[in-house]
Each structure stands twice: as structure tokens, then as C-alpha cells.
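Coordinate inspection notes
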Amino acid sequence: MSLNEELIQIRELTLASIKSRYRKTWAGFIWVILNPLLMFGVQSLVFKKFLKLDLPDYFLFLIGGLLPWIFLTTTIQMGTPVFVNLSQLLRSFKINPMVILSSQVLDGFLNFIASFILILLPLYLLSDRSFLSLLLIPIALVPLFLGSLGITITLSILNVFFRDLNFVMGFIFNLLFFLTPVFYPKEFVPHEYQWMINFNPINYLIDPFRSVIYQNDIGIFFIAVLKGMAVAIGFISLSFYTWRRRRNEFYRIL
Amino acid sequence: MSSTEYSDPIVSVSQLKVYFELEHYPNRGLREVFISSLTHPIQYFFKTKELFYALNDVSFELSKGTRLGILGVNGSGKTTLCRCLAGMMTAQSGKIETKAEIRAIFDSGTGIMPELTGRENAYLLARLFFPKLKEIDLVVNEAIDFSELGHFIDVPFKQYSKGMQSRLLLSLISSKTTDILILDEVFDGADMFFKTKIAKRMMNFIETAGATIFVSHSIEQIKEVCNKLLVLNQGKVHYFGEIGPGIESYINLKS
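Residues numbered from 1 in each chain as written. Chains lettered and ligands numbered in written order. Predicted model: local features only at pLDDT ≥ 70, side-chain atom pairs only at ≥ 80, totals over all residues. Heavy atoms only, no water.

Residues and elements named next belong to chain A. Viewed as axis vectors pointing N to C, helix 3 (residues 58-79) and helix 6 (residues 97-126) meet at an angle of 160 degrees, and their least axial separation amounts to 10 Å. Comparing the axis directions of helix 3 and helix 6 gives the class roughly antiparallel. Like other packed secondary-structure pairs, helix 3 and helix 6 cross with a definite hand, here right-handed. Together, Phe59, Leu60, Ile63, Leu67, Pro68, Phe71, Thr75 and Gly79 of helix 3 and Leu101, Val105, Gly108, Phe109, Phe112, Phe116, Ile119, Leu120, Leu123 and Tyr124 of helix 6 make up the contact between the two elements. Considering only residue class, the contact of helix 3 with helix 6 consists of 15 nonpolar, 3 polar and no charged. (Axes fitted to C-alpha atoms, helices over the stretch in contact; angles between N-to-C directions. Helix = DSSP H or I, 4+ residues; strand = E, 2+ residues; numbered from the N terminus. Parallel < 35°, antiparallel > 145°, perpendicular 65-115°, else oblique. Left-handed = near helix turned anticlockwise from the far one by under 90°. Contact = heavy atoms within 4.5 Å. Nonpolar A, V, L, I, M, F, W, Y, C, P; charged D, E, K, R; others polar.)

What follows is the structure, given as C-alpha cells:
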């Protein structure tokens, strides 16, 4: 199969899975929006009202970090068990496992965009910021999408070998949430702890998105995108490496 | 006889080797890894691995018109060989030379989206098998007719029995000719009548296309369908040639 043919396969699988999901229940869409909405509501209450974090337009700041964070963690959580769940399909005929996973991630991504428009637009209307910068959002989403894809592919291959990986990752992401500048700006972190932020790759995938939503500085934005792309390409390479190394064992154990 | 005709081989396999590193006590979870690295650190970090050769120096050639049967006990490397031919696994050494388009089915009782109907699954599968196909309606409708599923075709796929799933998948994979078709123990789900029907269809299209490879435990089926036989034993070619003597050598191997 050429890359072109695989892209057709990804498109068809994504369309079919969207169709399948909304046949099951339309309420599924409400669920998709409800989850980030509740996260956002509770966190803005706690950090803005209880802890009184002092930042201008804190709601926009928070949503700029929280939406990509939710997308990333949901994608990983949903994607990691995919190969094990679809093992029968993968064993039964030749289809590139990456095609199946990409369609799942793309499906989640489209959901993410829908919920993001519904949450972000009202917030923007309430603030006095210009809508113009929002045009850069598609660029900011590229590193986020590719990075999430790379992480998810790598983890779902490993999950075939370590079946409790998803459980462990859930725990790790609970810890990472506090070590990633999602609800606080990285400037709040004392100098001697800055390395924790700098070595956290998730940070670089989220940053471009927040930069568009919150900072409105084109120079900072493009630097953030470049760093994000570097990290995303790193994760994609890791996923290719893992696949090449584990391929035969993958089919043997699956 | 087609097997004596001289023609360029449609696929040639030479000295194919595939091995796996087997651990004596494999860990199936991170929790186990964590525990055994703490309780038995020495055994864990210096554990012995054994090389297991799934395929060891396998060589053969197929010419056009061959209907190759593959026999062998469980674990003899049949499926590994087919997965290598299909391009799913990669060999550590040796090579497979072919310009043919190869399609393979390893398990016919599978659908993709259980919530969608049989027809919708059929369209999806057709797209996955033949991404660039123009006349997709034609192919899918022909396959649906061939499957004889009748009004069940518009029922959600999750309500299908294994045999019905198998009918749909086999009808689709055989709806377009291909150079080489690999069927790895796929007839178990389908009933006798459908097996005969699909075998006929395969025969027809072997005449127009290249070759088929057929893995089965049933000697009867192999006799019925194939004109050449490969017997694998512990990853090695035990026999390659005419059917009759091949089956004899397979039976001797077992006893």
C-alpha cells in the first residue's frame, strides 16, 4: 500500500467510526463536551476563586492549556488499548496498524475541535481580545496532533507486550498534570525547579496553542511552534523505531 | 500440467529466516516486571533468552497457476511464512522476491465496526482492501450477492454469526482478482456449501490470475484444491513438490 492509499484508508475508517459512534448514541457528543466543561469549571473555581491565582484573563489562560491537555490525555487513554482490543482484526488481514490508530486519533481530534469551538468562542466574546489571532490555531494544532499520535502509537505497541500499561499511564499522567504548566504559568516556577518544566516534552506540545489563545505575540508563537514540531517529530520517530523493532513480536504475541 | 510449464516464478523465496527471542519467564505486565526486578534482580537483568527459529532457511518458488497447499503441525511456521509473504512480518535474513500484488486472509470471522450494518462494513472492507477502486458499488454488490446473506445484509454486524461474518469477508476478498491470494485456515467458520462455492470461485480466478496459497489442516481440502504442496516442519521445508508423495511424507512425519 502506498502512502496515498493508506490516507484513503484512514479517511474511510474515520468516517465509519464517526458514523458508528453517533448511531450508538447522540448523547455521546454531549459527553465529549461535558468532560472538558466540568474540568474547566472546577479548575477555574479552585484556582481563580479559592487559591486566587493572579493572572489577567485567567479563564482564557486556563482553557488555552486545559483543552490541549485534555485532548492529549484522552487520546492516549483511548488509543493505548486499541491494538489489543482490535487484535482479531489486525491478525486477520494485512492492514497497517498505524492506519487504524491514526484514524482513531483523528476521530478524537475532530471531537476535540467541536468541543473547543463550543467552549472557546463564548469565552472570547466575553473578553476584549481580537479574533484575528484565532486564525493561527490550525498551525498550533499541528504539533499537538502529531505529538499525540507519536506518543499514542508508541504506547499502544508497548501495550501489546505490557497489558497493564494503560493503568500505569493513567497514574503517570495524574502526576504529570501537576508538573506541566496547565493551570499555572511557567513563570511561577522558582528558578531551581525550572528544569522540570524544560524537560517535560508535553509542555512543548501544549505551548503553541496557549500562545495563540492567550499571548497574542507572533514571535513567541512561531518559536513555540518550532519547538513543538521538534518534539512532535521526536515522538513520531520514536513510534516508527518502536514499530520496526517490535513488528514481528507484535504479530506473534497479539 | 501447469506445474511443469516453464515460466518466470511469480514469487521466489530464498533462505528465509525469522527468529524470536524467547524468554523463559516472559512478563506480561509492568507490575510483574517491577516485582521480579525487585525480588530476583540478578535473574531479571541477566535472564537467558533463547532463539526460536520460526522459519529456518525456507526456500521455494511459485510459478503462475500454482495452487500451493501448506501442511504442518502447529508451530511449524505456516502462519509466519504467510505473514512474511503478505508483508506483515519482516525476515531477519533471506529474501522474498516478487512483483505480484499479494492479498491475505488469516481469520475470516472479523468485522470492523460492529455497530454498522453488514452492508456498511462491506463498503468499509472494500475500501480497505482496494483503496483506489473506482467501481466500488459494483464490486460490493457482487460480493453481497455472492455471500447470499439476503436481508441480513442490513442488520448490524454484531448480530452476525461467525459463519455469516466469514461469508461476507471471503466474498469480498475474492471479489477482485489479485496476483497471489493467501488463505490461512479461513474456512473453519463457513459451512460446507459455501466452502465449495468459494473454492470454485477461487479456481476460476486462478485461471485468470497468478497463484493461491492455501493453509489447512485438512488433507482432504488440500487434495481437492491444490496442485502443489509444501510441508513445513520446525521452521524448515520438509517437502516441496507434487501432492501425492507430499501427503505421504506429512503423514510419516506425524507418526
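The structure having been displayed, the exposition proceeds.
So, about the sheet that holds strand 8 (residues 228-233) of chain B. Residues and elements named next belong to chain B. Read across the sheet, 6 strands follow the order 5-6-7-3-8-9 without closing on themselves; strand pairing throughout is mixed. Here the strands that pair on one side only, and so sit at the sheet edges, are strand 5 (102-105) and strand 9 (236-241). Ignoring which end each strand starts from, the neighbouring axes of this sheet average 15 degrees apart. Across 5 bridges, the pairing between strand 6 (residues 180-184) and strand 7 (residues 211-215) is parallel. Following the sheet pairing, leucine 181 is matched in strand 7 by threonine 212. Here helix 9 (residues 243-254) sits on the sheet in contact with strand 3 (67-71), strand 8 and strand 9, set at roughly 20 degrees to strand 8. (Pairing = 2+ DSSP bridges.)

Residues and elements named next belong to chain A. Inspection of the secondary structure assignment puts isoleucine 30 in helix 2 (residues 27-50). Under the relative-accessibility criterion, isoleucine 30 is labelled exposed at 54%. When the C-alpha positions of isoleucine 30 and serine 115 are compared, they lie 9.0 Å apart, and in sequence the two are 85 residues distant. (Buried < 20%, exposed > 50% of the residue type's maximum accessible area, 1.4 Å probe, protein only.)

The subject of this paragraph is the state of the cysteines. Residue and element names in this part refer to chain B. Scanning all chains against the criterion turns up 0 disulfides over all chains. Cysteine 82 provides the cysteine sulfur closest to cysteine 84, a residue in no disulfide bond, and the two sulfurs are 9.3 Å apart. Among the residues examined, cysteine 84 registers a relative accessible area of 6% and is labelled buried. Just so you know, cysteine 226 is unpaired, no disulfide at all, and the nearest cysteine sulfur is the one on cysteine 82, 12 Å from it. (Disulfide = S-S within 2.5 Å.)

In short, geometric facts, not functional conclusions.
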